[in-house]
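Topology and contacts: notes
Listed below, chain by chain, are the residues.
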Amino acid sequence: LEQSESTMNEKICQNLQKTKVSEISANASHKPLSVLGIGKTIHVIATELTQWSSTLPKENKDRLWKIRNKLLPCLLRLMEHAVTVLHFSTIIDEYHDSDAAVVNEVLSIATIAATPFIGDGKTSSGSFGIGALLQWILGESIGCRAKENSYGILSLAYTLQSCSISPMTCAGDFETKGHKEYATLLSDSVASNDFLTRPVIDWSVQSAHVDASWTDGVSGVGSRTAMALLLTICKASCIITGSPAEEKEFTVGTETNSEKVPLLLRKIAHNIGTNVLAATARAQFFGRLEFPSTSPGQPTGTISTKTNSIGPFMPMVTRIGTVSKKSSSASKNDEKSYSDQPIRMNAAVIIFCLVYRDIDKLTSCGKAFSYTLPVMLSLMDDVRSINQALGALMLLSFVEASSRIENNEIPSFIENSSSIITKSLENAIQLSSRQDATFLTTICLAQSEWLRLLFNWIPLASKSSLRPTTVHAWMSKAASDNLVAVRKQVQMGGKDKNDELIVGALVAGIDPLLADLASLPNAATIEIARVGLSAILPLIGWRGMSMESRSIQIAALAGLLSLLSGAYPIMTHHGTKIMTEVLILLDRSDKDAIFMRDTDQADKSSDKLRNDELSTESVVSVALHAAAATLVICDKGADTVLSHVQKHGTLQYKRVSQIRNVGEKL
């Protein structure tokens, strides 16, 4: 470490010259030993990378700079050279089938070692953001419009499109029936409305990013070296496995690293095997990365019987009598948890958020899920909210992959783990309900998508122990608990910037669950109707003209529409207060629109004024639709309030007429 940079680079060049293709060719007769030897070298380098990254000095800045800019990049270059040697050694002479599993395991170890230094590829600091991983998982933008008639899952447009008695669906029906006036009134160019199509959560905040302290973001040498290593691994895996690859996949371009990183990792997983990479990521996370994980001559996936080799499939447990006193003290550093060595967690999170993308068989998905489950539960049971959100991202990745695979019955691994996953999500939401909005939104999204997956698989449950009533009860409880949590935030008012937290919980968790419950027969939402109204009605009357306040009002109106549809038998008893709150919001929004029109343009920037106008117009359109739906479902109580307003002229006369006309056509 104390050597100068020039001396270290000179030594690396000497090491690169020592091993030549001719020397590999001369020793090619001992192919199994050669592959194992190179694999052990890569495993040793990976272990050193983990150890050095967890022992960074906090006060000695000079030593910290040398570790991050010299030592760790040098280890990555040595690993890249070892992968190149492994590549050439397999080209010179055909290796046995038993060596194929070893080579795949070696490449997976190298991939796990390089991943934490790259992160999401957007910066050279090795960090990654929750928003970037969400985009990888969903395969589309999480806020803006991705394709025709499709909106980001965390946008208000998607929420309005998915809710029961959707104003956007009704607008299309009105257009078809020739009622163009009301179609425009309900949904006026939603596709071009940035307020409705934007994500309700700002994922660019620092709290939504996981740092990589072992990488220098200023020089970026660690990130560039790891990217070169990842490109070498991808190229080697394509050639060794005979997988077709285009030359552009191996070109380094810093400006496209954010797009190249997920493509490279998915390509590597496809070449060496998704299960191999998932097993290695799990072993690294729990500090049980051994090489080789199988004894020579044993079938792939068979655990070695050596007492000092635990392998990637074993949990982080040291049984009494299996390890001697000498070895236990020597392996103390290897048994540090992911909290003490965060590089392990970073690698596992990135890998498990991508490993399911190209899986097209449920059996393969279940095998990978068996490796993901202990890592995911460990993170969701953590006390840190950001770790809980990362665990929820892993679950969301699995759910998205499973929803794309056709099957005829509920898989057994879903039945066996459904209860514990549901409980872990419930506990994580309770712990993070007062934390950062990005964490709560991520966990709520994972919970709603997980329960929706089970909900959609209910017709396949004829031979399953997982009954429809159980899933419905889980959904009702989740919606009720989230509504109670939001109601507590309402009692705090606008303190501690909880506007974004409330709208995130509504869009990601509450509104999707209420929409699914509303589709059940026999008005299943009646059980949580009172809790829902006690939380949603104050949100409809939420004060303020900011984008966050308007987002809360629209998300609350979407939830109200689903609640009206799902609990319609008892809504006649609540028509008066529901219509009162909606009309108050409508009247206040009309006055805000007049105020903005009369405001001097010089007092506001043009962009902010346009955003305020768009948000206010959107609230008016959705409130009109909600008032019409309330008039139809609640009948007498809602009509009494509307007649009173019409008689005393406390609301613009045209609004009353519009509500009645829209209600007639619903």
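The numbers attached to residues start from 1 for each chain and follow its sequence in the written order. With pLDDT at 70 or above as the cut-off, local features in this predicted model cover only qualifying residues; side-chain atom pairs require 80 or more to be listed or tallied, and sums for whole chains, interfaces and linings still use all residues. Hydrogens and water molecules were not included; the side-chain quantities draw on all heavy atoms of the structure.

The way it works is that DSSP assigns letters per residue, a run of H or I at least four long becomes a helix, a run of E at least two long becomes a strand, and they are numbered from the N terminus. Tallying secondary structure elements over the protein chain gives 27 helices and 2 strands in all. The buried label applies to any residue whose accessible area, calculated with a 1.4 Å probe on protein chains only, is under 20% of its type's maximum; exposed applies above 50%, and partly exposed to all values in between. Looking at the 666 residues of the protein chain, the share that counts as buried comes to 56%. Throughout, a contact is declared for two residues whenever any of their heavy atoms are within 4.5 Å. At a minimum sequence separation of 6, the contacts of the protein chain that also span at least 24 residues come to 77%. Entry remark: accessible area of the protein chain is about 28800 Å², with carbon and sulfur atoms responsible for 51%. The accessible surface values rely on the Shrake-Rupley method and a 1.4 Å probe; as for residues, cover is taken only from the protein chains in view.

Further remarks concern empty space enclosed by the protein. Once rolled over the atoms, a probe with the size of a water molecule shows which space is left empty. Lining residues are defined by having an atom within 4 Å of a point belonging to a cavity or pocket. Those points lie on a 1 Å grid over the protein atoms alone, cavities being sets where a 1.4 Å probe fits but cannot get out and pockets being open sets with protein on both sides within 12 Å along at least five of seven lines. Grid points are joined across faces, edges and corners, and a volume is the space filled by probe spheres set on the points. Applying the stated criterion to the full structure yields 5 cavities of 30 Å³ or more. The computed volume of the largest cavity comes to approximately 50 Å³. In terms of lining, the largest cavity is formed by Tyr158, Thr159, Ser162, Cys163, Arg452, Val507, Asp511, Pro512 and Ala515. Of all the secondary structure elements, the ones that give two or more residues to the lining of the largest cavity are α7 (156–162) and α21 (499–518). Sort the elements by how many residues they give to the lining of the largest cavity and α21 lands first, with 4 residues. Charged means Asp, Glu, Lys or Arg here, nonpolar means Ala, Val, Leu, Ile, Met, Phe, Trp, Tyr, Cys or Pro, and polar covers whatever is left, Gly included. Of the residues assigned to the lining of the largest cavity, the class counts are 5 nonpolar, 2 polar and 2 charged.

Right, let's get into the packing of helix α22 (residues 529–540) against helix α23 (residues 547–566). Axis lines are fitted to C-alpha atoms, over the contacting stretch for helices. Their N-to-C directions set the angle, which ranges from 0 to 180 degrees. Interhelical geometry of α22 versus α23 gives an angle of 150° and a closest axis separation of 9 Å. Here α22 is positioned roughly antiparallel relative to α23, judged by the angle of their axes. Between α22 and α23 the crossing geometry is left-handed. Together, Ala529, Gly532, Leu533, Ile536, Leu539 and Ile540 of α22 and Ile552, Gln553, Ala556, Leu557, Gly559, Leu560 and Leu563 of α23 make up the contact between the two elements. Tallied by class, residues from the contact of α22 with α23 come to 10 nonpolar, 3 polar and no charged. Oblique is the label for every angle not falling under 35 degrees (roughly parallel), over 145 degrees (roughly antiparallel), or within 65 to 115 degrees (roughly perpendicular). By convention the crossing between two helices is left-handed if the near helix lies anticlockwise of the far one by an angle smaller than a right angle, and right-handed if it lies clockwise.

Attention shifts here to α22. What sets the pattern is the α-helix's 3.6 residues per turn: residues three or four places apart point alike. Between the first and last C-alpha of α22 there are 16 Å, a value that for 12 residues agrees with the 16 Å anticipated at 1.5 Å per step. Where α22 is concerned, the buried positions are Ala529, Gly532, Leu533, Ala535, Ile536, Leu537, Leu539 and Ile540. Those residues of α22 hidden inside the fold are in contact with α20 (468–491), α21, α23 and α24 (575–598). Helix span, as expected, comes to 1.5 Å for every residue beyond the first.

With that settled, consider the nonpolar core. Here, nonpolar core refers to any group of buried Ala, Val, Leu, Ile, Met, Phe, Trp, Tyr and Cys residues whose side-chain atoms link them within 4.5 Å. Counting residues in hydrophobic clusters, the biggest one holds 204 residues, and the most contacted among them are Phe398, Trp450 and Met571. Contact partners of Met571, with chain neighbours within four places excluded, come to Ala529, Leu533, Leu563, Leu564, Ile578, Ile633 and Cys634.

A separate point is the confidence of the model for the protein chain. pLDDT is defined as a per-residue confidence score from the predictor, taking values between 0 and 100. Per-residue pLDDT for the protein chain averages 79, and the proportion of residues at 70 or more is 76%. At the low end of the mean pLDDT range in the protein chain sits helix α2 (residues 21–26), at 42; at the high end sits α22, at 94. Low pLDDT, under 50, characterises residues 1–5; the stretch is placed with 11 contacts to residues that sit more than four places away or in other chains. Residue range residues 296–336 is modelled with pLDDT below 50. Its contacts to residues more than four positions away, or to other chains, number 57 contacts.

Attention now moves to the packing of aromatic side chains. A pair of Phe, Tyr and Trp rings is counted when the ring centres sit within 6.5 Å of each other, with Trp represented by its six-membered ring. The angle between the planes then sorts it: under 30 degrees is stacked, over 60 is edge-to-face, the rest tilted. This model, assessed by the stated rule, comprises 6 aromatic pairs. Considering the side-chain rings of Phe285 and Tyr338, the 4.6 Å spacing of their centres and the 20° angle between planes classify their relative orientation as stacked. Of this pair, Phe285 sits in helix α13 (residues 274–285) while Tyr338 is found in the loop between α14 (325–330) and α15 (342–354), placing the two residues 53 residues apart along the sequence. Of the two residues examined, Phe285 and Tyr338, each falls in the buried class. When the ring of Phe398 is compared with that of Phe413, the centres are 6.0 Å apart and the planes differ by 65°; the resulting orientation is edge-to-face. Here Phe413 lies in helix α18 (residues 412–432) and Phe398 lies in helix α17 (residues 385–404), a separation of 15 residues in the sequence.

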